[in-house]
Amino acid sequence: MTRSLHSLAAVVLVSVLSSGCIIVGGGGGSNRAGDITVLWSFNGQPCMFVPQVQTVRVSIPGARLENNGLYPCIQNNVAGITLYNFRGGRYDVTVEGLDATGRVIYAGSSSLVVNGDVSVSVTLQPTANATGSALISWVFPNNLACNQVGDVAGGRTVSRVLVSIDSATAQPIDCVRGNQTAASPQAAITIDNLTGGAAHTIDLIAQDSTGFSYLRATHSVTVTPGGSVAHTFQMQWIVGSLPIRWTFLNQGVTLTCTQANVPSVFVNFRNQQTQRYVFADAQGNPTAGQQVPCTSPNNLQGTFFPYFEAGNYEVYLQAPIMGNSYTYQSGRTGGVPVLQVQAGVFAQSEAMGQQVVLQ
């Protein structure tokens, strides 16, 4: 989730917790006793920007602090704690940020002299156990926006991007949130709680509302403990178009749709790599396919799929003769025809398609 990076307004420290102490060490002399207020930040950032920090531990040698020195990161809008009744003298203060498992992921220390009430600010730095974050965005080919990819006329354009980290279950993100265009050059999302110092593989898939995928990008990023890394993903097409034309052959005579008395054709494909049919039932069994007019609106014998997953496809065509029990089929002789769909290659109509013969 992206977060605002506006600086927090300064707040007036109030006593957020009464912490009883038994002072063993410290100094004496003429220094007056007083209270110690400890304030903390994390690599210069407030608690809200390090949600992985669940608890803060304060240690002062010679002092036994309430609850073993464990406090919430922030209370009453203050990132800090007031400790009461210290003898006058010098003290060393160590502050540690702990994650949900109790690991120290941030640490810092400072010294102070009590001569009346005193306040100290400790800036904690990430340890080797600290997590980091990735600021990611995506760019489509030709700088297209989300609503310019897909079936624009039908309203089925890219609406979400599936984001997967290290092969974990992908989470859908509203496409426009991270889609950098001329109109939104700063669009980005933040992924938090990534293991610091490790390489993380981030996989993005752009889909429409039906779950059809158009573009993809995968990249490995290494996160600095306690820091952030930014990367813009150049999304690449994983689809192309599939135009196809057909003709009919009866006893060596080539026929048109009208001559063959065929009003429509059932079209199906099988991906040679996955062996799955494009048009199948819930169990994966092939159906007759998608029914299309034998003659297209362009007055051509064929059809056109503007977006189709890249790959090689076996083609299965069936065309029943109107008022007759005979059905023309592709592949009766010469084997099943195969068409190739190339990623990023888009024809404009079925006129560019390979011709398939039905007999």
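Quick look at the structure, then. Just so you know, these numbers come straight off a predicted model, no measurement behind them.

Take unusual backbone geometry next. A negative phi holds for most residues other than glycine; trans holds for most peptide bonds. Phi is positive for Asn 142, close to 60 degrees, though the residue is something other than glycine. With respect to the helices and strands, Asn 142 occurs in the loop between strand 10 (131–139) and strand 11 (150–151). On the basis of relative accessible area, Asn 142 is assigned to the exposed category, the value being 72%.

A full pass over the atoms with the stated rule returns six salt bridges. Note that Arg 90 and Asp 92 form a salt bridge whose closest N and O atoms lie 3.1 Å from each other. The exposure class assigned to Asp 92 is partly exposed, which follows from its relative accessible area of 35%. A salt bridge links Asp 208 to Arg 156; its shortest N-O distance comes to 3.5 Å. With Asp 208 in strand 15 (residues 199–208) and Arg 156 in strand 12 (residues 156–165), this residue pair connects regions lying 52 residues apart in the sequence. Take Arg 156: its relative accessible area is 36%, and that puts it in the partly exposed class.

On to the sheet that holds strand 7 (residues 89–98), then. Each strand in a sheet pairs with another by means of backbone hydrogen bonds, the pair being arranged parallel or else antiparallel. Taken together, the seven strands give an open sheet; going across it, the order is 5-3-7-8-9-2-6, and neighbouring strands pair in mixed fashion. A strand with exactly one partner marks an edge of an open sheet, and here the two such strands are strand 5 (70–71) and strand 6 (80–86). In this structure, strand 2 (residues 34–42) lies alongside strand 9 (residues 118–126), joined through seven bridges in parallel fashion. Across the sheet, residue Ile 36 finds its bridge partner in strand 9, namely Val 118.

For Pro 337, the location among the structural elements is in the loop between strand 25 (327–329) and strand 26 (338–341). On a C-alpha basis, the gap between Pro 337 and Ile 238 in space is 22 Å, while along the polypeptide they are 99 residues apart. With residues up to four places along the chain from it excluded, the contact list for Pro 337 reads Tyr 313, Glu 314, Val 315, Ser 330, Gly 331 and Val 356.

A separate point is the nonpolar core. Among the nonpolar cores identified, the biggest contains 30 residues, and Val 38, Trp 40, Phe 42 and Val 58 are the most heavily contacted of them. Looking at this core, the elements that each hand over two or more residues are strand 2, strand 3 (55–59), strand 4 (63–65), strand 6, strand 7, strand 8 (104–114) and strand 9. Aside from chain neighbours lying at most four places away, what touches Trp 40 is Cys 47, Val 56, Val 58, Pro 72, Cys 73, Ala 79, Gly 80, Ile 81, Val 95, Val 122 and Leu 124. Counting 27 residues, the second largest nonpolar core, distinct from the first, contains Leu 194, Ala 217, Val 223 and Phe 233.

Okay, the state of the cysteines next. Here the structure, examined in full by the defined rule, presents three disulfides. Between Cys 47 and Cys 73 runs a disulfide, and the two sulfur atoms are separated by 2.1 Å. Disulfide Cys 47-Cys 73: torsion about the S-S bond near -85 degrees, hence left-handed. With Cys 47 in the loop between strand 2 and strand 3 and Cys 73 in the loop between strand 5 and strand 6, this residue pair connects regions lying 26 residues apart in the sequence. Classification of Cys 73 by relative accessible area gives buried; the value is 9%. Between the sulfur atoms of Cys 257 and its disulfide partner Cys 294 the distance amounts to 1.9 Å. On the S-S bond that ties Cys 257 to Cys 294, the torsion sits near -80 degrees, and the link is left-handed. Placement of Cys 257 in helix 2 (residues 257–260) and of Cys 294 in the loop between strand 22 (290–293) and strand 23 (302–309) is noted, with a sequence separation of 37 residues between them.

Now for the sheet that holds strand 14 (residues 189–195). As summarised here, the arrangement of the three strands in space is 14-10-17, forming an open sheet in which the pairing is mixed. Both outer strands of the open sheet, strand 14 and strand 17 (228–234), are each paired with one neighbouring strand and no more. The mean angle between the axes of side-by-side strands here comes to 30 degrees, regardless of whether they run parallel or antiparallel. Alignment of strand 10 against strand 17, held across seven bridges, turns out to be parallel. By the bridge assignment for strand 17, Ile 136 is matched with His 231.

Here we come to the pairing of strand 13 (residues 171–174). Pairing of strand 12 with strand 13, which is carried by four bridges, proceeds in the antiparallel orientation. Bridged to Val 163 within strand 13 is Gln 171. Between strand 12 and strand 13, which follow one another and run antiparallel, lie five residues, and Asp 166 among them has a positive phi close to 55 degrees.

Thresholds, definitions, all that
- Residues numbered from 1 in each chain as written.
- Predicted model: local features only at pLDDT ≥ 70, side-chain atom pairs only at ≥ 80, totals over all residues.
- Heavy atoms only, no water.
- Helix = DSSP H or I, 4+ residues; strand = E, 2+ residues; numbered from the N terminus.
- Buried < 20%, exposed > 50% of the residue type's maximum accessible area, 1.4 Å probe, protein only.
- Salt bridge = Lys/Arg side-chain N within 4 Å of Asp/Glu carboxyl O.
- Pairing = 2+ DSSP bridges.
- Contact = heavy atoms within 4.5 Å.
- Core = buried A, V, L, I, M, F, W, Y, C linked by side-chain atoms within 4.5 Å.
- Disulfide = S-S within 2.5 Å.
- Axes fitted to C-alpha atoms, helices over the stretch in contact; angles between N-to-C directions.

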